[in-house]
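For reference, the chains in residue letters:
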Amino acid sequence: MDSQIHKIHQQLADKKISCAALVQQKLTALKENTNNTVNSLLDDLALQLAVKVDAKIAKGESIGLLEGIPFGIKDVYMVQGTYTTASSNLLKNYKSAYTATAIQKLLDAGAIPIVKENCDSFGHGSSSENTIFGAVKNANNPDLVGGGSSGGSAVNVAKDYTVFSIGGDTGGSVRQPAGYNHVYGLKPTYGRISRYGLMAYASSTDCVGPIAKSVEDIRIVLNVMSGKDIKDQTTYASAEISKDSISNSEGIKTIGYFKNFIENDAIDSKIKADFLATIEKIKAKGIEVKELDFFKSDILVSTYYTLAMAETASNLSRLDGSNYGNRIEDKNLKESYAITRSENFSEETKRRIVGGNQVLSQGFSDEIYLKGLTLRDAISENFEKDFKEVDIILSPVTPGTPPKIGDSLKDPHAMYLSDAYTVGFSLGQLPTLTIPQGTETGLQITAAKNNDELVLKFANFLKDMI
Ligand code: GLN
């Protein structure tokens, strides 16, 4: 697929379509959609902005590449004056007081936000069923899940309801739904894009991530959102990625894949066969392919969930109904906190808060939480060693195909295990992109820290090759 952003930009600039008509058409499609992708529409704001873009074009002024391009936002980003619910009962009526840095940069570039998108509550999930707005249905088969947690965002892009969407990825939430719905989804290097105004799940792995239909659109949106932000001390300055610099595969000589991801009972046999067929095609192009050793999937999943639960228990402790959210009064303050949280958080979110507080508690933290941190260091060292030998690590996105709606809710443990291939790269804070090729749920391309450019470069190479 070619760049949708360039195509629509040209149509607007040539007055082939008006921005107001474009935005209206997308809003109508979103309103009528039966995939449950919408938490709230930003119709008034979007149409006001569209009229301004049209006025500019009518005056003969030139417009920027993103000016007038309609996009979606996972409902965990602050956009001043809009509902930001995290798909939860607790924040059902909460309106943002300020705007997230990443979103503000897109607004400054003239892009038009049209929808706050359905997702797993607070990012907790892999299917977008943990939501008060109804399970998100897969773009290709409505009996299957949309993936999660950024399911609404991926489905909106797949269905062309948005030109691109901004998801959030803590342990795979951009990459996995992108794979389930056959679109591109990038988790950039941790810190490349500011997290300010993204509702915190696990702060040490949370990343802002674009979802789109082409590598070029991912590049454009990534460039706009990247950069150091004094409001997020983990951010760093990065160089812009040019179109030319990623147009050929020069510099990619060796790639690797994790043997144990593929030689594993849990992997779907078709995903395995398709992955290995892709490896053969890559070898045929003269690229060396190395088999790498890595931690077992269950170690990755348990390390990730130990740390993610600890961080989310801590981050969500502020949501007690005093400052934010639907407060339920009871006989005293303590009881009010308890009933507000027990009535308004979902089962899955409560499972994580209880689990997280357990691993952080005295008597357990040394044995569980600190062990998790030690394992995380070992995982990062493993990656550092690997990237001395290979330029890129290629892997499937998921061991299986999207489950039927309802199945993941019955078996949370199976749902956690379905994250086996995405969470390791999150712990390593590495740049990883899902491409909609290679297997039924796509492929993940990963490079060393700060090497997002190489990831996009290899994606362009595979686009023309597979
Ligand atoms: N499925 C993973 C989890 O539930 C990842 C979610 C995410 O990246 N927000 O933690």
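Just so we're clear, the structure is a prediction, and the values are computed from it rather than from any experiment.

Colleague: I tried to follow the overall build of the protein chain on my own but got confused; where do I start?
Modeller: A tally of helices and strands in the protein chain yields 17 helices and 11 strands. When each of the 466 residues of the protein chain is scored for burial, the buried share is 59%. A separation threshold of at least 6 residues defines the contact pool for the protein chain, and within that pool the share at least 24 residues apart is 74%. Carbon and sulfur atoms make up 49% of the accessible area of the protein chain, which totals about 18200 Å². The averaged location of the 56 negative side-chain charges in the protein chain is 3 Å from the averaged location of its 50 positive side-chain charges.

Colleague: Explain the nonpolar core here, please?
Modeller: Considering soluble globular proteins, one finds that nonpolar side chains tend to be buried as a cluster. Phe164, Ile166, Ile255, Leu394, Phe458 and Leu462 are the most contacted members of the largest nonpolar core, which totals 111 residues. Considering each element in turn, this core owes the most residues, 8 residues, to helix 17 (residues 452–465). Among the nonpolar cores identified, the runner-up in size contains 10 residues, and Ala139, Val157, Ala158 and Ala178 belong to it.

Colleague: Explanation requested: the site of the ligand in the structure shown.
Modeller: Taken together, 15 residues sit near the ligand, with Thr170, Gly171, Ser173, Tyr201 and Tyr304 positioned nearest. A distance of 2.7 Å is found between an oxygen atom of the ligand and a backbone nitrogen or oxygen belonging to Thr170. At 2.6 Å from an oxygen atom of the ligand is found a main-chain nitrogen or oxygen belonging to Gly171. When grouped by side-chain class, the residues that make up the shell around the ligand number 3 nonpolar, 9 polar and 3 charged.

Colleague: Would you mind going over the sheet that holds strand 2 (residues 70–74) with me for this structure?
Modeller: Strands in a sheet are paired, the pairing made by backbone hydrogen bonds, and the direction either parallel or antiparallel. Pairing in this open sheet of 11 strands is mixed, and the strands run 1-3-2-4-6-5-10-11-9-7-8 from one edge to the other. Only two strands of the sheet have a single partner each, and these edge strands are strand 1 (38–41) and strand 8 (288–292). Pairwise comparison of adjacent strand axes, ignoring direction, gives a mean angle of 25° for this sheet. With 2 bridges joining them, strand 5 (residues 184–187) and strand 6 (residues 207–212) adopt antiparallel strand pairing. Directly across from Tyr184, in strand 6, lies its bridge partner Ala212.

Colleague: Please clarify how the pattern of salt bridges should be interpreted in this entry.
Modeller: Should their charged atoms come close, side chains of opposite charge can pair. Within this structure, the stated rule accounts for 20 salt bridges. A salt bridge links Arg195 to Asp232; the shortest N-O distance between them is 3.3 Å. Here Asp232 lies in the loop between helix 7 (215–225) and strand 7 (254–258) and Arg195 lies in the loop between strand 5 and strand 6, a separation of 37 residues in the sequence. For Lys283, the salt bridge identified is with Glu280, shortest N-O distance 3.4 Å. Within this pair, Lys283 and its partner Glu280 are both found in helix 9 (residues 269–284), separated by 3 residues, close to a single helical turn. For Lys283, a relative accessible area of 39% translates into the label partly exposed. Classification of Glu280 as partly exposed rests on a relative accessible area of 46%. Overlapping salt bridges bring together Glu348, Arg351 and Arg352 as one network.

Colleague: Help me understand the packing of aromatic side chains, please; the structure alone is not making it clear to me.
Modeller: One pair of aromatic rings is described through two measures. These are the centre distance and the angle between the planes. Overall, the coordinates contain 17 aromatic pairs when judged by the stated rule. For the ring pair Phe71 and Phe164, a centre distance of 5.0 Å and an interplane angle of 10° mean the geometry is stacked. Of this pair, Phe71 sits in strand 2 while Phe164 sits in strand 4 (residues 164–169), placing them 93 residues apart in sequence. Considered together, Phe71 and Phe164 belong to a single accessibility category, that of buried residues. Among the aromatic side chains, those forming a connected cluster through ring pairs are Phe258, Phe261, Phe294, Phe295, Phe383, Tyr421 and Phe425. Directly above the aromatic system of Tyr83 lies the positively charged group of Lys95, at a separation of 4.9 Å from the ring centroid.

About the cut-offs
- Residues numbered from 1 in each chain as written.
- Predicted model: local features only at pLDDT ≥ 70, side-chain atom pairs only at ≥ 80, totals over all residues.
- Heavy atoms only, no water.
- Helix = DSSP H or I, 4+ residues; strand = E, 2+ residues; numbered from the N terminus.
- Buried < 20%, exposed > 50% of the residue type's maximum accessible area, 1.4 Å probe, protein only.
- Contact = heavy atoms within 4.5 Å.
- Areas by Shrake-Rupley, 256 points an atom, 1.4 Å probe, with all protein chains shown as cover.
- Lys, Arg positive; Asp, Glu negative; His and termini not counted.
- Charge placed at Lys NZ, Arg CZ, Asp CG, Glu CD.
- Core = buried A, V, L, I, M, F, W, Y, C linked by side-chain atoms within 4.5 Å.
- Near = heavy atom within 4 Å.
- Polar contact = N/O pair within 3.5 Å; in protein donor to acceptor, adjacent residues only side chain to side chain.
- Nonpolar A, V, L, I, M, F, W, Y, C, P; charged D, E, K, R; others polar.
- Pairing = 2+ DSSP bridges.
- Axes fitted to C-alpha atoms, helices over the stretch in contact; angles between N-to-C directions.
- Salt bridge = Lys/Arg side-chain N within 4 Å of Asp/Glu carboxyl O.
- Phe/Tyr/Trp six-rings, centres within 6.5 Å; stacked < 30°, edge-to-face > 60°.
- Lys NZ or Arg CZ within 6 Å of the ring centre and 35° of its normal.

Worth remembering: the numbers are spatial, not functional.
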